[in-house]
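# A structural walkthrough
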Amino acid sequence: MRLFIGIKTGCGEYLAALQEQLKRAGRGRFTRPENLHITLKFLGEHPPAAVPEICAAIAEAGGEPFELEIGGARLFNRSGILSADVLGEAHKLAVLVQRLEAALEKRGCPRESRPYKPHITLARDFRPDGDIGGIPPGQRRFTVDEVILFESRREEGRLVYVPLYSYRLRRR
């Protein structure tokens, strides 16, 4: 099973509209709207028997709900990855990621060595026809109140992210 931990944005309509604007500004493989998310931790391949421990780590990391905003689109490191920036209470997102890393490390999952850079992948292999800076950034605020364990798999040739477990963040 190919697994990752992430959050849904709650801004699907805004992101779909942003993608439509970007389709007029260039070419690429655009992420299907139902697959738009913010990855907290990519786990890679794991056997089904590992899922309960991963779920326990998510619950252990816990946390309270917080607010994020989606910013404008940008090309990520000239790699052709077109992403939307994540703004707002991003420091709270970073704390959540650190708690997840610690809880998963106790269960044998190695920590990520690269710095965490939250983003929403809008397209891959994006080649702009011109300057994408003319697209109004807009911003949409949403509440992060759920952390989800997803399985990434192919169904009928399409990439599908299947939720396996959901943990609700709670106010103390």
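Structural notes, computed from the coordinates.

Calculation notes
- Residues numbered from 1 in each chain as written.
- Predicted model: local features only at pLDDT ≥ 70, side-chain atom pairs only at ≥ 80, totals over all residues.
- Heavy atoms only, no water.
- Helix = DSSP H or I, 4+ residues; strand = E, 2+ residues; numbered from the N terminus.
- Buried < 20%, exposed > 50% of the residue type's maximum accessible area, 1.4 Å probe, protein only.
- Salt bridge = Lys/Arg side-chain N within 4 Å of Asp/Glu carboxyl O.
- Pairing = 2+ DSSP bridges.
- Axes fitted to C-alpha atoms, helices over the stretch in contact; angles between N-to-C directions.
- Contact = heavy atoms within 4.5 Å.
- Polar contact = N/O pair within 3.5 Å; in protein donor to acceptor, adjacent residues only side chain to side chain.
- Arc of directions from axis to C-beta.

## Structural notes on unusual backbone geometry
Backbone geometry places Asp125, a non-glycine residue, at a positive phi of 55°. Topologically, Asp125 is positioned in strand S6 (residues 119-128). Exposure remark for Asp125: the relative accessible area of 40% places this residue in the partly exposed category. The backbone of Glu156 sits at a positive phi, close to 50°, despite the residue not being glycine. In this fold, Glu156 is placed in the loop between strand S8 (146-155) and strand S9 (158-168).

## Digging into the pattern of salt bridges
Under the definition given, this model contains 17 salt bridges. The salt bridge involving Lys106 is made with Glu60; its shortest N-O contact spans 2.5 Å. With Lys106 in the loop between helix H3 (90-105) and S6 and Glu60 in helix H2 (residues 51-61), the pair connects residues that are 46 residues apart, well separated along the chain. Glu60 gets classed as partly exposed once you look at its relative accessible area, which sits at 40%.

## Considerations on the sheet that holds strand S7 (residues 140-144)
Spatially, the five strands line up as an open sheet ordered S2-S6-S5-S4-S7, and their pairing is antiparallel. Unpaired on one side and paired on the other, strand S2 (26-30) and S7 mark the two borders of the sheet. On average, each strand axis in the sheet is inclined to that of its neighbour by 40°, with strand direction left out of account. Direction of pairing for strand S5 (residues 81-88) relative to S6: antiparallel, over a ladder of four bridges.

## Examining the environment of Glu45
Within the fold, Glu45 resides in strand S3 (residues 38-45). On the basis of relative accessibility, which here comes to 56%, the residue Glu45 falls in the exposed class. Residues Glu45 and Phe4, spaced 41 residues apart in sequence, show a C-alpha to C-alpha distance of 9.3 Å. Contact partners of Glu45, with chain neighbours within four places excluded, come to Met1 and Arg2. Here Met1 takes part through its backbone nitrogen, which lies 3.3 Å from a polar atom of the side chain of Glu45.

## Remarks on H2
What H2 keeps buried is the set Val51, Ile54, Cys55, Ala57, Ile58 and Ala61. Considered in projection along H2, the buried side chains sweep an arc of 155° and stay on one side of the axis. Contacts from the buried residues of H2 go to strand S1 (2-7), S3, H3, S8 and S9. Phi turns positive one or two residues past the end of H2, at Gly62, with a value near 45°.

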